[in-house]
Amino acid sequence: MKKTALITGASSGIGKEFAKIHAKTGGNLVIVARSKDKLLALKESLEKEYNIHVSVIEKDLTEKNVAQEIYNFVKYSKIEIDYLINNAGFGGIGKFHERELEKDINMIQLNIVALKALTHVFLPDFVKRNSGKILNVSSTASLMAGPMQAVYFATKAYVTSFSNAIAEELADTNITVTTLMPGATETDFGKTSGMDKTSLFKNTADANAVANDGYSAMLNGDLDVISGVSFSQKVMMKAIPFTPKKILLKQVKKMQDPSNS
């Protein structure tokens with residue numbers, strides 16, 4: 001039977017690649033983003049190529065009560081969601097005290113609150129039928145604190161911790177929760193966050209490759225998957241537990257300072 005995936009942030013980047021990958025399996029889609037034109041173009045393309053059905057939801061996930069509105073639309077449309085892919089998110093570079101407060105609040109709203117709320121409204125249906133898969137897009141940033149992106153790193157730490165916790169809560173069910181932790185990836189994120197001017201984003205991973213890693217891990221029911229990191233980044237990540245915190249913070253700050261690129 002066809003599986004239906006709901007994907008947030010589906011108009012570009014990793015989210016758009018998730019939509020393409022799922023469509024290729026013959027599955028139907030509910031795609032969510034702010035850009036209606038991009039969503040409609042993606043809908044037309046995928047329906048034509050794969051003979052599937054794509055529902056479009058134009059929503060700004062930083063607004064309150066949007067998760068319930070999305071859920072209500074899905075229920076009204078009599079769509080059963082099999083895969084929930086919480087992909088939408090954004091970052092922003094700069095010293096915390098110099099950044100605009102509203103931008104960081106919106107970041108928390110999107111990266112944390114919307115993801116949590118969508119999981120909360122759809123998960124009871126998964127539990128009731130004892131089936132379903134959740135894929136939450138976090139980041140390798142979740143594994144450490146992030147000077148020059150203090151709020152972004154903190155939001156992704158929440159995503160990883162939250163996802164791992166509910167995965168264990170659901171361990172005696174047929175429902176799985178997978179966390180995708182990408183490194184620097186070739187998406188609009190670099191430009192919108194300002195990270196494209198840093199050394200960390202000089203060699204970015206392919207968005208399709210990262211999405212494939214995440215989608216496959218979700219199907220397998222894996223707990224975590226790290227994707228799109230270089231050899232040196234892998235070495236650094238393995239060394240995190242053994243590196244004095246002050247040294248680690250200095251290293252992260254240096255990588256994220258545009259003046260060092």
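Look above for the structure.
Here's what I pulled together on the structure shown here. (Residues numbered from 1 in each chain as written. Predicted model: local features only at pLDDT ≥ 70, side-chain atom pairs only at ≥ 80, totals over all residues. Heavy atoms only, no water.)

Our focus in this paragraph is the packing of aromatic side chains. As enumerated under the stated definition, the model contains four aromatic pairs in all. Here Tyr-152 and Phe-153 contribute two aromatic rings whose centre-to-centre distance is 6.2 Å and whose plane-to-plane angle is 75°, an arrangement assigned as edge-to-face. Of the two residues examined, Tyr-152 and Phe-153, each falls in the buried class. Summarising the aromatic geometry, the rings of Tyr-158 and Phe-162 are spaced 5.6 Å apart at their centres and angled 10° between planes, so their arrangement reads as stacked. Of the two residues, Tyr-158 and Phe-162 are both situated in helix α5 (residues 150–169); the distance of four residues between them amounts to about one turn of the helix. Its relative accessible area of 17% is what places Phe-162 among the buried residues. (Phe/Tyr/Trp six-rings, centres within 6.5 Å; stacked < 30°, edge-to-face > 60°. Buried < 20%, exposed > 50% of the residue type's maximum accessible area, 1.4 Å probe, protein only. Helix = DSSP H or I, 4+ residues; strand = E, 2+ residues; numbered from the N terminus.)

With 30 residues, the main nonpolar core has Leu-6, Leu-61, Ile-70, Ile-81, Phe-122 and Phe-126 as its most contacted residues. Contributing elements (two or more residues each) for this core: β2 (28–33), α3 (66–76), α4 (101–129), α5 and β6 (175–182). Contact partners of Ile-81, with chain neighbours within four places excluded, come to Thr-4, Leu-6, Val-30, Val-74, Phe-122, Phe-126 and Arg-129. Counting 29 residues, the second largest nonpolar core, distinct from the first, contains Ala-33, Leu-42, Leu-46 and Met-218. (Core = buried A, V, L, I, M, F, W, Y, C linked by side-chain atoms within 4.5 Å. Contact = heavy atoms within 4.5 Å.)

Applying the stated criterion to the full structure yields eight salt bridges. For Arg-129, the salt bridge identified is with Glu-80, shortest N-O distance 4.0 Å. One end of the pair, Arg-129, is in helix α4; the other, Glu-80, is in the loop between α3 and β4 (83–86), with 49 residues separating them in the sequence. The exposure class of Glu-80 is partly exposed, given its relative accessible area of 47%. (Salt bridge = Lys/Arg side-chain N within 4 Å of Asp/Glu carboxyl O.)

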